[in-house]
Amino acid sequence: MSHVHGLGMVHTPHDEVRLRIDGLLKDEDDWVTAMATVVCELHHAFDHFHWTGFYRTVRPEHLKVGPYQGGHGCLDIPFDQGICGAAARTATTQDVPDVHARPEHIACSSSTNSEVVVPVTSPSGHVIAVLDVDSDDPAAFDGDDVALLESICSTLGERYGEAVVARIPGLA
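Caption draft 1: Spotlight on the state of the cysteines. Tallying each qualifying case throughout the model produces 0 disulfides. No disulfide involves Cys-40; its sulfur sits 16 Å from the nearest other cysteine sulfur, which is in Cys-153. Among the cysteines around Cys-153, which has no disulfide bond, Cys-84 carries the closest sulfur, lying 11 Å off.

Listed below in structure tokens is the structure:
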């Protein structure tokens, strides 16, 4: 569904969410506030986003849960475990239409059937976090969802990345 605004500009729901996030974060310099804002906006914008959250790099090769919406998430994920770990380890998006087909999937919630995990990478190439979006629906995410998440994570990495890297023991 698209919406017409102003001078005939057409925005998709994904565009609308991105515009809201960009507006809310315009003058924001706090990384945790930025993550919390992104998660809130995404989680409430799309009915198929059942768990939406960040896992933060807290030391080399290790993620801890950050701001999220939904049921409890896993607390700790090493880079060598799970879909989130794969995204962090390889610095590439993991689009998983069927989590049960991936033996390394960590079942933080037994109801999850599909997920997308996107790394947030600093300009120097360090993965500072991953954005994890889970759905109870199989094959819930489409190309528009993935493109939106990747765009947001790219912007977050560019904007906050080096300051975050400087605060992670063993990465600076």
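Caption draft 2: Spatial organisation of the packing of aromatic side chains. Applying the stated criterion across every chain, the model contains 6 aromatic pairs. For the pair Trp-51 and Tyr-68, a centre-to-centre distance of 5.2 Å together with 20 degrees between the ring planes defines the contact as stacked. Here Trp-51, found in strand β3 (residues 51-59), pairs with Tyr-68, found in strand β4 (residues 62-69); they are 17 residues apart in sequence, far enough to count as distant. In this structure Trp-51 comes out as buried when scored by relative accessible area, which is 7%.

Caption draft 3: Up close: helix α3 (residues 82-90). Along α3, 7 of the 9 residues are buried, which leaves the element largely enclosed by surrounding structure. In this fold, the buried residues of α3 make contact with β3, β4, β5 (76-78), β6 (94-96), β7 (114-121) and β8 (127-135). Ala-91 sits one or two positions beyond α3 and adopts a positive phi of about 55 degrees.

Caption draft 4: Molecular detail of the pairing of β3. Where β3 meets β8, 6 bridges bridge the pair, whose relative direction is antiparallel. Bridging across to β8, Arg-56 finds its partner in Ala-129. Here 6 bridges tie β3 to β4, and the two strands are oriented antiparallel to one another. Along β4, the bridge assignment pairs Thr-52 with Gln-69. If you look at the hairpin formed by β3 and β4, you'll find 2 residues sitting between the two strands, and Glu-61 has a positive phi there, around 65 degrees.

Caption draft 5: Geometry of the environment of Ala-36. Note on placement: Ala-36 falls in helix α2 (residues 31-45). Separated by 31 residues in the primary sequence, Ala-36 and Pro-67 place their C-alpha atoms 5.2 Å from one another.

Caption draft 6: Fine view of the pairing of β8. Most of β8 sits inside the fold, with 9 of its 9 residues counted as buried. Note that β7 and β8 share 8 bridges and pair antiparallel. By the bridge assignment for β8, Val-116 is matched with Val-133. Between β7 and β8, which pair antiparallel one after the other, the connecting turn spans 5 residues, and Gly-125 there sits at a positive phi close to 95 degrees.

Reading the values: the criteria
- Residues numbered from 1 in each chain as written.
- Predicted model: local features only at pLDDT ≥ 70, side-chain atom pairs only at ≥ 80, totals over all residues.
- Heavy atoms only, no water.
- Disulfide = S-S within 2.5 Å.
- Phe/Tyr/Trp six-rings, centres within 6.5 Å; stacked < 30°, edge-to-face > 60°.
- Helix = DSSP H or I, 4+ residues; strand = E, 2+ residues; numbered from the N terminus.
- Buried < 20%, exposed > 50% of the residue type's maximum accessible area, 1.4 Å probe, protein only.
- Contact = heavy atoms within 4.5 Å.
- Pairing = 2+ DSSP bridges.

Functional significance is not addressed by these values, which are geometric in nature.
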